[in-house]
Structure formats: C-alpha cells, structure tokens
Amino acid sequence: MNKNEIYIKSGTNYKEMTKELLAQCGLASVISDKKMQIGIKPNLVSPSEASWGATTHPEIVAGIIEYLQENGYGNIAILEGSWVGDKTTEAYEVCGYRELTEKYQVPFWDMQKDKGIERDCRGMKLNVCERAANIDFLINVPVLKGHCQTKITCALKNMKGLIPNTEKRHFHAMGLHEPIAHLNAGLHQDFIVVDNICGDLDFEDGGNPVVMNRIWAGTDPVLIDSYVCQIMHYTTKDVPYIELAEKLGVGSTDLKNARIVYCEENARKELPKSRKVVELQDAVEEVESCSACYGYLIPALEMLKNDGLFEKLDTKICIGQGYRGKTGKLGVGACTCKFEHNVKGCPPTENQIYDFLKQYILGENK
C-alpha cells in the first residue's frame, strides 16, 4: 500500500477481518526479511477488557500473528507498558493476552520492566525502552479513542507505552505534545492497525464505548491521526503533536491527497460528536498531571454530574506535578498532598476520587 492510503474494513469477526485487511494491504511484501524481529504494540493502558473501550481487542492481535506466521514470519513479540498507576502484568491477564501468547507461542515483553536507554529523537533526548529501540519492524495497534488531555489518542500517542514510567511522568512535565512528536521521530512505527471497534470517544481508560466495528490499516501515523481528528470533529491544530510530528518528518497531515479506501460500503460510518470532557474540565486546574491521575478524575466528575452534585463544587480541583510542595484548598493525588483537602493516591482511582469529592460537596470533609 502507498503512504497516503488508509484502508478501513467493517465486520464483527475481528480476527478474520484483520487477516483479510493485512492481505489486501500486502503487509507481507513490506517486510523484506523473514528473520526480522517484529514487534506488535497494542494499547493496554489499564486492566480493562476491550469491550470497555480502552484497550486493543486481542482478536486483532491474534489476526496479525496468524497472518505473519502463515506468511513465514516466526520472530514475533508483543510489547507494551501500561500507564503510570497500573501494572502491565494485570492488563496482560485481564485483557486476554496471556491466552494469546500461550496459543501462538509469542513472548510478551513488559516495557515497565525494561531498561531505559537515551536516544536522540530529532533534537530531543528521550529515554526509550531498550527492547523497543531494537525492534526491526514495529506494528502499532492503537485504539481510536478520545483523551481528556490531548482530545484524541491513536497512532502517535500510543507509542508512549514504549518508554519507562519515569519518562512518562517527564512527558507530562514537558506538556505532552512536543515529546510525543519527538518520540515518534526517534522510534519509527512501520505499520499501523487501528482498533476502531468500540473506542471511548471521551476517556482514555474507557467506560463509554462507541461501537463502530471497524479496523483500519495504514503506514503513516500522522495521516492516520489527522483523519482521526477529522472524523472526531477536531482539526489537527486542536491536537498540537500531530503538526509537530509532521514538521519533524514523521508523516503528512495532507488529507486532501489521501486515499481513504472503504473495503465495504457499511464501513462509511460517521462518529458521533462527543464533548463530555469539555464542561468537566472547567472545574479543574491542571499543571503537568499524569494521564492516569487526570484520566481517573474526569470520569469521577462525570459521576458527580450524574448525581446532580458537580454544580455544587465551590472551588477548582488542583491536580498535577506542578503542585508538588504547594498548598491549596482541594487537590487530587500525591502531588497535592499538602492541600487542605486531598484525595490520597498515586494515582487514586476514580471511585476513590468520586467518594472523596462527594463527601467534600456534602460537607463531610470540610
């Protein structure tokens, strides 16, 4: 397939759909050496089943592995690191990847346990996982979904799972967008298979799945993310890391000259416009917060809104590394431990945040 092409296939037999899509794209003709070390990078952000709308369906990864093995490729590994606050080993179990690795005899590399090495990523030095840096051919398998900090997450942002936890925290201190762009300039993804089956259009860790039953394929992560922006009713300027990555030579945002191939007519589905996060964000003062901490806060606020309590908050909620050592009224997470009212944890879960804020609003924590 050409760099400017994105193939989109629809159906419900996800493993067979994936194999058919890869055959249509001619993936085997792209991987020149049968002995290459092939890495498959899903999104296992947290231990939640794929039906929740946050993690990559194991059937898609199974389809990729079967396709590769049937075409004579045997040097395959799955590699991933969950977000800070959750263990990859738990996601590996809950998301069905233990059964996958045992069935196909493919190893799973936990990037949270991997050694970090410094790499020059087009002018920005970043720590990346050593095994990820040594992959010969990387197949990225992100979930198309929303994100409460960057609006969308797909091909480019999914690469964050290939850096150590300490670097993930550093990314948030740097503002996410610039380091994400540079990471993709330093770690190349060779092929992308997008899980657009039921991603949550608001929250990175799922909970509100939107069923689309589609799988995409392409080779340009910038083009793919640009198209994600378009169908999610954003522009690339709304997601700065996309145009930053283009400037670094990672790919192209040029959708006018892109070729979107719908393998079936019913693959031409429109995503609904969803903006649950926007109103909830108005209650938050966020400075350099990690994805997990912020990702648990926003759903907790939605729970309060459903209870009719959100509008009764009398102060902004502070969150993020920028509040370390500072004092204030109401804060979430270990970074705001010196605040008068603080939800403990690194990160606290959404239920812990919800319970604490509910008690605070009702006057039990004041």
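The notes below deal with the structure included here. No experiment lies behind these values; they were computed from the predicted model shown.

Conventions adopted
- Residues numbered from 1 in each chain as written.
- Predicted model: local features only at pLDDT ≥ 70, side-chain atom pairs only at ≥ 80, totals over all residues.
- Heavy atoms only, no water.
- Phe/Tyr/Trp six-rings, centres within 6.5 Å; stacked < 30°, edge-to-face > 60°.
- Helix = DSSP H or I, 4+ residues; strand = E, 2+ residues; numbered from the N terminus.
- Lys NZ or Arg CZ within 6 Å of the ring centre and 35° of its normal.
- Buried < 20%, exposed > 50% of the residue type's maximum accessible area, 1.4 Å probe, protein only.
- Pairing = 2+ DSSP bridges.
- Axes fitted to C-alpha atoms, helices over the stretch in contact; angles between N-to-C directions.
- Contact = heavy atoms within 4.5 Å.
- Salt bridge = Lys/Arg side-chain N within 4 Å of Asp/Glu carboxyl O.

### Digging into the packing of aromatic side chains
Working step 1: Tallying each qualifying case throughout the model produces 4 aromatic pairs.
Working step 2: Between tryptophan 216 and tyrosine 227 the ring centres are 5.4 Å apart and the planes differ by 50°, which places this aromatic pair in the tilted class. You can see tryptophan 216 sitting in strand E11 (residues 214–218) and its partner tyrosine 227 sitting in helix H9 (residues 221–231), a full 11 residues away along the chain.
Working step 3: Sitting over the face of the ring of tyrosine 73, lysine 34 holds its NZ or CZ atom 4.5 Å from the ring centroid.
Working step 4: When the ring centre of tryptophan 109 is taken as origin, the NZ or CZ atom of arginine 131, which lies over that ring, is 4.3 Å away.

### As for unusual backbone geometry
Working step 1: Cis peptide bonds are those with omega within 30 degrees of zero, and the linkage from cysteine 346 to proline 347 qualifies with 0°.
Working step 2: Within the secondary structure layout, proline 347 lies in the loop between strand E16 (341–343) and helix H13 (350–361).
Working step 3: The phi dihedral of glutamine 105 falls on the positive side, at around 55°, and the residue is not glycine.
Working step 4: Inspection of the secondary structure puts glutamine 105 in the loop between helix H5 (97–104) and strand E4 (108–110).
Working step 5: For glutamine 105, a relative accessible area of 66% gives the class exposed.

### Section: the sheet that holds strand E14 (residues 317–319)
Working step 1: The sheet built from 4 strands is open, its strands ordered E13-E14-E15-E16 with parallel pairing. Strands at the two margins of the open sheet, each flanked by one partner only, are strand E13 (284–286) and E16. Pairs of neighbouring strands in the sheet enclose a mean axial angle of 25°, with direction left out of account.
Working step 2: One ladder, built from 3 bridges, connects E13 with E14; its direction is parallel. Paired with glutamate 286 across the bridge in E14 is isoleucine 319.
Working step 3: Sitting on the sheet, H13 touches E14, strand E15 (330–332) and E16, and the angle it makes with E16 is about 160°.

### Comments concerning the pattern of salt bridges
Working step 1: In the structure shown here, the tally under the stated rule is 14 salt bridges.
Working step 2: Close ionic contact of lysine 41 with glutamate 80 constitutes a salt bridge, the shortest N to O distance being 2.7 Å. Of this pair, lysine 41 sits in strand E2 (residues 38–42) while glutamate 80 sits in strand E3 (residues 76–80), placing them 39 residues apart in sequence.
Working step 3: Lysine 329 serves as the salt-bridge partner of aspartate 314, at 3.5 Å between the closest nitrogen and oxygen. Here lysine 329 lies in the loop between E14 and E15 and aspartate 314 lies in the loop between helix H12 (291–306) and E14, a separation of 15 residues in the sequence.
Working step 4: Residue classification places aspartate 314 among the partly exposed positions, given a relative accessible area of 43%.
Working step 5: When its relative accessible area of 36% is taken as the criterion, lysine 329 is described as partly exposed.

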